[in-house]
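One letter stands for each residue in the lines below.
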Amino acid sequence: DTAVSQTPKYLVTQMGNDKSIKCEQNLGHDTMYWYKQDSKKFLKIMFSYNNKELIINETVPNRFSPKSPDKAHLNLHINSLELGDSAVYFCASSIPTGQETQYFGPGTRLLVL
Amino acid sequence: AQSVTQLGSHVSVSEGALVLLRCNYSSSVPPYLFWYVQYPNQGLQLLLKYTSAATLVKGINGFEAEFKKSETSFHLTKPSAHMSDAAEYFCAVSVRGAQKLVFGQGTRLTINP
């Protein structure tokens, strides 16, 4: 059973399009995250949600809009895609105490042409 | 704010040799420290973590790390490298109540036969 799953795994699209990435976790965690990994492998937090409420928005352009319909799901919608949005996007989940392990999904590789 | 610096973006060792990956952190409050491993085209997997209990932490696959407050370090070691250890390794820091991990730049470990 996959703990944190993401769909799609690969996404190739044109500049200006709108796309969504879905994330689901079956670990019963209250907190979910989106991280972006750039071409140099650097990982940076984008958003953090706790019990469906936005906790962290780390200076992400408002073209990115996360949505958490329930505790087990955190989706990421991106409007007007730009070349610089090309990256690998990772979803993760954890118990929200800071010291708990974050469990990562397999990633979604987004390529904007 | 917390930060992590990983010394050496690329480390190459021979099979059977000692692996040493360096991580220094900065935090104004007691940190929680993590090492994650990323195999090609996969998500991140926790190797080990320090959460203010024992300063010498043992993880999976024979890895261990020692928290040294005086040196603000959390270096990762393995006595004998195996070909399967080739991957990208990330050190990360969090603090109590934090809703995010702050990652270092990553170190790519190559194992020579």
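Above this text sits the structure in question.
In short, a report on the structure. Position numbers for residues count from 1 along each chain, tracking the sequence in the order it is written. Chain A is the first chain written and ligand 1 is the first ligand written, with later ones labelled in order. Where totals are concerned, whole chains, interfaces and linings use all residues; where local detail is concerned, this predicted model gives features only for residues with pLDDT of at least 70, and gives and counts side-chain atom pairs only at 80 or more. Computation of side-chain values: all heavy atoms of the structure, hydrogens and water removed.

**Points about the layout of surface pockets**
Residues and elements named next belong to chain A. Applicable threshold: A cavity, in this analysis, means grid points on a 1 Å lattice covering only the protein atoms where a 1.4 Å probe fits yet has no way out; a pocket is instead an open set bounded by protein on both sides within 12 Å along at least five of seven lines, and a residue lines either one if it has an atom within 4 Å of a point. Grid points are joined across faces, edges and corners, and a volume is the space filled by probe spheres set on the points. Charged residues are taken to be Asp, Glu, Lys and Arg, nonpolar residues to be Ala, Val, Leu, Ile, Met, Phe, Trp, Tyr, Cys and Pro, and polar residues to be all remaining types, Gly included.
Each pocket or cavity is described by its volume, and for the largest pocket that value is around 260 Å³. Along its surface, the largest pocket is lined by 20 residues, and Gln-37, Lys-41, Ala-87, Val-88 and Arg-109 are the ones closest to its centre. Residues belonging to the lining of the largest pocket are distributed by class as follows: eight nonpolar, eight polar and four charged.

**Structural notes on the side chain of Gln-6 of chain B**
Residue and element names in this part refer to chain B. Short version of the rule: A run of H or I in DSSP counts as a helix once it spans at least four residues, and a run of E counts as a strand once it spans at least two, with each numbered from the N terminus. In this scheme, a residue with accessible area under 20% of its type's maximum is buried, one over 50% is exposed, and one in between is partly exposed, where area comes from a 1.4 Å probe on protein chains only. Definition of a polar contact: a pair of N or O atoms within 3.5 Å, with one able to donate and the other able to accept a hydrogen when the atoms are protein atoms, and with sequence-neighbouring residues admitted only if both atoms are side-chain atoms. What makes two residues a contact is simply this: any of their non-hydrogen atoms within 4.5 Å.
When you line up the elements, Gln-6 lands in strand E1 (residues 3–7). Overall, the relative accessible area of 5% leaves Gln-6 in the buried class. A distance of 3.0 Å separates the side chain of Gln-6 from the backbone nitrogen of Cys-91, its partner in a polar contact. A polar contact of 3.2 Å, which involves the side chain of Gln-6, links it to the side chain of Thr-107. The contacts of Gln-6, once residues within four sequence positions are left out, are Arg-22, Trp-35, Tyr-89, Phe-90, Cys-91, Gly-104, Gln-105, Gly-106 and Thr-107.

**Observations concerning the packing of aromatic side chains**
Test applied: Stacked, edge-to-face and tilted are the three classes for Phe, Tyr and Trp ring pairs, Trp counted by its six-membered ring, which pair at centre distances within 6.5 Å; planes under 30 degrees apart are stacked, over 60 edge-to-face, the rest tilted.
Scanning all chains against the criterion turns up 14 aromatic pairs over all chains. Judged by centre distance (6.1 Å) and plane angle (35°), the ring pair of Tyr-33 of chain A and Tyr-35 of chain A falls under tilted. Take Tyr-33 of chain A: its relative accessible area is 2%, and that puts it in the buried class. Their ring planes at 50° and their centres at 6.4 Å tell us that Tyr-50 of chain B and Phe-74 of chain B sit as a pair that is tilted. Placement of Tyr-50 of chain B in strand E5 (residues 44–50) and of Phe-74 of chain B in strand E8 (residues 73–78) is noted, with a sequence separation of 24 residues between them. A relative accessible area of 7% places Tyr-50 of chain B in the buried class. Classification of Phe-74 of chain B by relative accessible area gives buried; the value is 0%. Three or more aromatic residues joined by ring pairs form one cluster here, namely Tyr-33, Tyr-35, Phe-90 and Phe-104 of chain A together with Phe-34, Tyr-36, Phe-90 and Phe-103 of chain B.

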